[in-house]
Amino acid sequence: MLEQLKEILSNKLKVSPEAITPEATREDIELDSLAVVELSLLLKSELGLDVSDDDLLEAETVADMVRLMEERSAKV
């Protein structure tokens, strides 16, 4: 899941791949609230994962985002 998230963040949202580490915060990767909404939509369209932007905003690190993605994929 981390690699899939990295790919979306770097290719679609233009986040530097080197910056995307499990311990990186949203601030570290410069992901503002608008980008989080876009990420939520991309997770749905690219991976079929229903992760709300509200949940993503509560995620403090990239690892938290990955955990959310894993939880949602287990429900599918």
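Residues numbered from 1 in each chain as written. Predicted model: local features only at pLDDT ≥ 70, side-chain atom pairs only at ≥ 80, totals over all residues. Heavy atoms only, no water.

K.L.:
In this structure, what is going on with the overall build of the protein? I would like to understand it.
P.N.:
Along the backbone of the protein there are four helices and zero strands. Taking 11 Å as the expected radius of gyration for a compact globule of 76 residues, we find that the protein reaches 11 Å, a close match to that expectation. Oriented by its inertia axes, the alpha-carbon framework of the protein measures out at about 30 × 20 × 20 Å. Burial analysis of the protein (76 residues in total) assigns 37% to the buried set. For the protein, contacts bridging at least 24 residues in sequence account for 53% of all contacts bridging at least 6. Surface exposure of the protein reaches about 4,500 Å², of which carbon and sulfur atoms provide 47%. With 8 positive and 19 negative side-chain charges, the protein shows a separation of 5 Å between the mean positions of the two kinds. (Helix = DSSP H or I, 4+ residues; strand = E, 2+ residues; numbered from the N terminus. Rg over C-alpha atoms; globule rule 2.2 N^0.38 Å. Buried < 20%, exposed > 50% of the residue type's maximum accessible area, 1.4 Å probe, protein only. Contact = heavy atoms within 4.5 Å. Areas by Shrake-Rupley, 256 points an atom, 1.4 Å probe, with all protein chains shown as cover. Lys, Arg positive; Asp, Glu negative; His and termini not counted. Charge placed at Lys NZ, Arg CZ, Asp CG, Glu CD.)

K.L.:
I'm lost on the nonpolar core in this one. Help?
P.N.:
Within soluble globular proteins, side chains that are nonpolar generally end up buried alongside one another. Grouped together as the largest cluster of nonpolar side chains are 23 residues, with contacts concentrated most on L5, L9, I29, L31, L39, L43 and L56. Look past the residues within four positions of L5 in its chain and what remains in contact with it is L39, V62, M65, V66 and M69. (Core = buried A, V, L, I, M, F, W, Y, C linked by side-chain atoms within 4.5 Å.)

K.L.:
Honestly, the side chain of R26 in this entry has me stumped. Any pointers?
P.N.:
Relative to the assigned elements, R26 resides in the loop between helix 1 (2–11) and helix 2 (33–47). Apart from the residues within four sequence positions on either side, R26 is in contact with L31, V36, L56, L57, A59, E60 and M65.

K.L.:
Mind showing me how you'd approach unusual backbone geometry here?
P.N.:
Outside of glycine, negative phi angles account for most residues, and trans bonds account for most peptide bonds. Phi is positive for K14, which is not a glycine, with a value near 60°. Along the chain, K14 turns up in the loop between helix 1 and helix 2. Located in the positive-phi region is E30, a residue other than glycine, with phi close to 55°. Of note, E30 is situated in the loop between helix 1 and helix 2.

K.L.:
Just checking my understanding: could you explain the pattern of salt bridges for this structure?
P.N.:
Note on pairing: side chains with opposite charge can pair once their charged atoms come close. In this structure the tally under the stated criterion is six salt bridges. Residue R67 is joined to D64 by a salt bridge in which the shortest nitrogen-to-oxygen separation is 3.9 Å. With R67 and D64 both in helix 4 (residues 62–75) and three residues apart, the pair spans about one turn of that helix. Judged by its relative accessible area of 39%, R67 falls in the partly exposed class. Residue D64 is classed as partly exposed on the basis of its relative accessible area, which comes to 21%. (Salt bridge = Lys/Arg side-chain N within 4 Å of Asp/Glu carboxyl O.)

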